[in-house]
Amino acid sequence: MKLKDTGLTFEDIKAKVNKYMIETYERFDFLAETAKDQYMYDENGTPYLDFYAGIAVNSAGNCNEKVVAAIIDQCQDIMQTFNYPYTIPQALLAEKVCETIGMDKIFFQNSGTEANEAMIKMARKYGIEHYGPNRYHIVTAKNGFHGRTFGAMSATGQPGNACQVGFGPMTYGFSYAPYNDLEAFKDACNENTIAIMVEPVQGEGGVHPATKEFLTGLREFCDEKGMLLLIDEVQTGWCRTGAVMSYMNYGVKPDIVSMAKALGGGMPIGAICATEEVSKAFDMGSHGTTFGGHPVCCAAALAEVNELLDRDLAGNAKKMGDYICAKLEKLPHVVEVRHQGLLIGVEFDETIGSTDLKHECLHRHLLTTAIGQHILRLIPPLIIDEKDCNKAVEIIEESVIALGKGAAD
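Before going into details, it helps to say that this report is about the structure given with it. Values in this document were obtained by computation on a predicted structure and should not be read as measured data.

**Notes on the overall build of the chain**
Each helix and strand in the chain was counted, giving 13 helices and 17 strands. Taking 2.2 N^0.38 as the reference for a compact globule, 409 residues should give roughly 22 Å; the C-alpha atoms of the chain span a radius of gyration of 21 Å, in line with that estimate. Each of the three principal axes of the chain carries a C-alpha extent, and together these read 65 × 55 × 45 Å. Residue pairs in contact within the chain that sit at least 24 positions apart in sequence constitute 70% of those at least 6 positions apart. Of the side chains in the chain, 36 bear a positive and 55 a negative charge, and the two mean positions are spaced by 1 Å.

In structure tokens, the structure reads:
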């Protein structure tokens, strides 16, 4: 839909949003009308270099031609059905995902938080059925983030975060331990603990990758205690971190893994994959979804996954991640650059506010996001090249310098 075809102005669109929508986001002051690959365009055709990628969604590029073609083709056949009949895209995607990441079974959802809800539910049901009514406790990481539905936000170890404040008591059965502290995680477990649930890279928590000692240690501890290892790959999965799934960087395998974002190529889809044994916790009537496994979303996801794998975008993520981070480390006011592939956190000193920096970058037509007070997060499409990296670094540097001058004045 183009603005010129509506007879409205950009100000008209903003006015309608302000009048009718419940706003929980700080809007960027531009109209995203079209997009292609690593660029987004406003109604005037002004290009914005997109290092946000719909929050790690458009990994093979926005409006990827093969994904778009798959969507159009599937819409002409069947758009939606509940999960009673078999559908071709769902079956083919299930096989592709399981065979690619080495898991046995998959259950489709609509989003990342729903995937994490399903993962939590499966783990708790498995524990109660195998060990007794009290075996449902799960340990998660402080400063982690798992979503905004009640189970997922209760698993999120940020009691002061706006996603939890004001909603009343969280879902019972979670404890939190410091990330990358193996002994603290062991101490947080008790006789009723059925699982440990972590992100391989804490994204919302500031882009902190797990250490190999931590993640392999969790796997060994879970095996020793008869517990499950749950890995949240909603943001890290599907080639973002230089491997198809981030856990592959560590040589571990989860009992259940959640995914979403990049899986759908821009369409809303999430999923959990589990081992054969653990998956049996979900039996007839125990879990369900109207739209999960939607034929159009599955067709898009199959095309996206094939693009990611056929073009070795995990390899490009690793190469470009190392390339751009080496440049970012040299920028003024940078304290630390943390990354795994093209999931990047640039931490600045206290003189540079990340929200101000985000808006300075927007002013120069670079889309980024802020985490906390001083961290800029970069999660671009995995198709970017050195030219895109150089342009992004140049804009960030200009923005940092502008903020530095403003502070000096």
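Moving on from the model shown.
**Considering the packing of helix α4 (residues 88–101) against helix α10 (residues 295–310)**
The N-to-C vectors of α4 and α10 enclose an angle of 35°; their axes lie 8 Å apart at closest approach. Classified by chirality, the crossing of α10 by α4 is left-handed. For the pair α4 and α10, the contacting residues are Pro-89, Gln-90, Leu-92, Leu-93, Lys-96 and Thr-100 in the first and Pro-295, Cys-298, Ala-299, Ala-301, Leu-302, Val-305, Asn-306 and Leu-309 in the second. Among the residues making up the contact of α4 with α10, the classes are represented as 10 nonpolar, 3 polar and 1 charged.

**Some thoughts on the sheet that holds strand β13 (residues 334–340)**
What links the strands of a sheet is backbone hydrogen bonding, and the strands pair in either a parallel or an antiparallel sense. With respect to topology, 4 strands assemble into an open sheet ordered β13-β14-β17-β16, the strand pairing being antiparallel. In this open sheet, the two strands that pair with only one neighbour each are β13 and β16 (369–371). Within the sheet, the average angular offset between the axes of one strand and its neighbour, ignoring direction, is 25°. Of the pairings in the sheet, the one linking β16 to strand β17 (residues 375–378) comprises 3 bridges and is antiparallel in character. When the sheet's bridge partners are listed, Ala-370 is paired in β17 with Leu-376. With respect to the sheet, helix α11 (residues 313–328) is in contact with β13, β14 (343–348) and β17, its orientation differing from that of β13 by roughly 175°. Packed on one face of the sheet, helix α12 (residues 354–363) meets β14, β16 and β17 and runs near 175° to β16.

**Examining the packing of aromatic side chains**
For the structure on display, the rule yields 7 aromatic pairs. Ring geometry for Phe-82 and Tyr-84: centres 4.9 Å apart, planes at 70°, overall edge-to-face. Judged by its relative accessible area of 34%, Phe-82 falls in the partly exposed class. Three or more aromatic residues link up through ring pairs in this structure, and these residues are Tyr-179, Phe-185 and Phe-214. Sitting over the face of the ring of Tyr-131, Arg-135 holds its NZ or CZ atom 4.3 Å from the ring centroid.

**Quick word on the nonpolar core**
Core analysis: the largest hydrophobic core is formed by 81 residues, its most contacted members being Ile-101, Ile-196, Trp-238, Met-259, Leu-328 and Ile-396. Each residue touching Met-259, except ones within four places of it in the same chain, is listed here: Val-97, Ile-101, Ala-115, Glu-233, Val-234, Trp-238, Met-245, Gly-270, Ala-271 and Cys-273. Judged by nonpolar contacts, the second largest core, of 21 residues, contains Ile-194, Leu-230, Ala-281 and Phe-282.

**Structural notes on the sheet that holds strand β7 (residues 193–198)**
What the 7 strands build is an open sheet, ordered β4-β12-β11-β10-β7-β5-β6; its pairing is mixed. Single-partner strands in this sheet number two, and they are β4 (105–109) and β6 (174–177). For this sheet, the mean angle separating the axes of adjacent strands, direction not counted, is 20°. Bridge count for β7 against strand β10 (residues 228–232) is 4 bridges, and the pairing is parallel. Each bridged residue has a counterpart across the sheet, and for Met-197 the counterpart in β10 is Leu-230. Across the sheet, helix α8 (residues 212–225) is in contact with β7 and β10; its angle to β7 comes to roughly 165°.

**Some details on helix α3 (residues 65–75)**
Here α3 has its buried residues at Val-67, Ala-70, Ile-71 and Gln-74. Buried residues of α3, viewed axially, fall in a sector of 100°; they line one side. Elements that come into contact with the buried residues of α3 comprise α4 and α10. Put simply, Asn-64 is the residue that caps the front of α3, since its side-chain oxygen is 3.0 Å from the backbone nitrogen of Lys-66.

**Digging into the pattern of salt bridges**
Inspection of every chain in the model, using the stated rule, returns 21 salt bridges. Among the ionic pairs, Lys-358 bridges to Glu-26, the shortest N-O distance being 3.3 Å. Placement of the pair is Lys-358 in helix α12 and Glu-26 in the loop between α1 (10–20) and β1 (34–36), with a sequence separation of 332 residues. Of the residues examined, Lys-358 reaches a relative accessible area of 11% and is grouped as buried. When the shortest N-O distance is used, the salt bridge between Arg-311 and Glu-307 registers 3.2 Å. Three or more residues are tied together by salt bridges with common partners; here these are Glu-11, Lys-14 and Asp-29.

**Focus: α12**
Along α12, the positions that sit buried rather than exposed are Ser-354, Leu-357, Lys-358, Cys-361 and Leu-362. The arc that holds the buried residues of α12, viewed along the axis, is 145°, so those residues lie on one side.

**Considerations on the environment of Lys-96**
As for its placement among the helices and strands, Lys-96 is situated in helix α4. Residues Lys-96 and Asn-306, 210 residues apart in the sequence, show an inter-C-alpha distance of 8.7 Å. Discounting residues that sit within four places of it in the chain, Lys-96 has contacts with Leu-302, Val-305, Asn-306 and Leu-309.

Rules and cut-offs
Residues numbered from 1 in each chain as written. Predicted model: local features only at pLDDT ≥ 70, side-chain atom pairs only at ≥ 80, totals over all residues. Heavy atoms only, no water. Helix = DSSP H or I, 4+ residues; strand = E, 2+ residues; numbered from the N terminus. Rg over C-alpha atoms; globule rule 2.2 N^0.38 Å. Contact = heavy atoms within 4.5 Å. Lys, Arg positive; Asp, Glu negative; His and termini not counted. Charge placed at Lys NZ, Arg CZ, Asp CG, Glu CD. Axes fitted to C-alpha atoms, helices over the stretch in contact; angles between N-to-C directions. Left-handed = near helix turned anticlockwise from the far one by under 90°. Nonpolar A, V, L, I, M, F, W, Y, C, P; charged D, E, K, R; others polar. Pairing = 2+ DSSP bridges. Phe/Tyr/Trp six-rings, centres within 6.5 Å; stacked < 30°, edge-to-face > 60°. Buried < 20%, exposed > 50% of the residue type's maximum accessible area, 1.4 Å probe, protein only. Lys NZ or Arg CZ within 6 Å of the ring centre and 35° of its normal. Core = buried A, V, L, I, M, F, W, Y, C linked by side-chain atoms within 4.5 Å. Arc of directions from axis to C-beta. Polar contact = N/O pair within 3.5 Å; in protein donor to acceptor, adjacent residues only side chain to side chain. Salt bridge = Lys/Arg side-chain N within 4 Å of Asp/Glu carboxyl O.

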